[in-house]
Amino acid sequence: VVLYGENLYDGVAESAIESIANADMLIVGGTSLAVYPAASFVRYFRGKYIVMINKSETEYDNNADLVIREKIGKVFAETMKSINRS
């Protein structure tokens, strides 16, 4: 999580890129991917599946295996309800 105008601590960007590059699935939620440098991290993903959760369209939607157009809080709340019923 990076808040608008917030600086990254030393090593955070490199660690994020390494983790993203080695992940099998990438879930990107609650961002239009318009704020850099965080928006550029998606291009390092080499895994199998991308899931985009955002209210509005992003430039990576065409590359995603699943696109959910909803508030991320609502998606997570519904997911937790589903898990708790299991």
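Quick caveat: nothing in here was measured; it's all calculated off a predicted structure. Starting afresh in each chain, residues are numbered from 1 along the sequence in its written order. Per-residue local features are limited, in this predicted model, to residues with pLDDT of at least 70; the limit for side-chain atom pairs, both in listing and counting, is 80 or more; totals at the level of whole chains, interfaces and linings are taken over all residues. Only hydrogens and water are set aside when side-chain values are computed; all heavy atoms of the structure are taken into account.

Attention now goes to the pattern of salt bridges. One speaks of a salt bridge when a side-chain nitrogen belonging to Lys or Arg is within 4 Å of a carboxyl oxygen belonging to Asp or Glu. Scanning the entire structure with this criterion turns up three salt bridges. Between R69 and D61 there is a salt bridge, and its shortest N-O distance comes to 2.8 Å. Residue burial is assigned from relative accessible area. The probe radius is 1.4 Å, only protein chains are included, and a residue is buried under 20% of its type maximum, exposed over 50%, and partly exposed in between. Classification of D61 by relative accessible area gives buried; the value is 9%. E78 is paired through a salt bridge with K81; the nearest N and O atoms lie 3.4 Å apart. Residue E78 and its partner K81 are located together in helix 2 (residues 72–85), separated by three residues, close to a single helical turn. Given a relative accessible area of 38%, E78 falls into the partly exposed group. According to the relative accessible area criterion, K81 is partly exposed, its value standing at 46%. Strands here mean DSSP runs of E at least two residues long; helices mean DSSP runs of H or I at least four residues long; both are numbered from the N terminus.

The pairing criterion is simple: DSSP has to find at least two bridges between the two strands. A sheet is described by the order of its strands in space; here three strands give the open sequence 1-2-3, paired in parallel fashion. Taken across any chain shown, the strands that pair with only one partner, and hence form the sheet edges, are strand 1 (25–29) and strand 3 (66–68). In this sheet, neighbouring strand axes are inclined to one another by 10° on average, regardless of whether the strands run parallel or antiparallel. Sheet analysis places strand 1 next to strand 2 (residues 49–53), joined by five bridges and oriented parallel. Within strand 2, the position partnered with I27 by the bridge is V51. Lines are fitted to the C-alpha atoms to define the axes, a helix being fitted only along its stretch in contact, and any angle between axes, read from their N-to-C directions, falls within 0 to 180 degrees.

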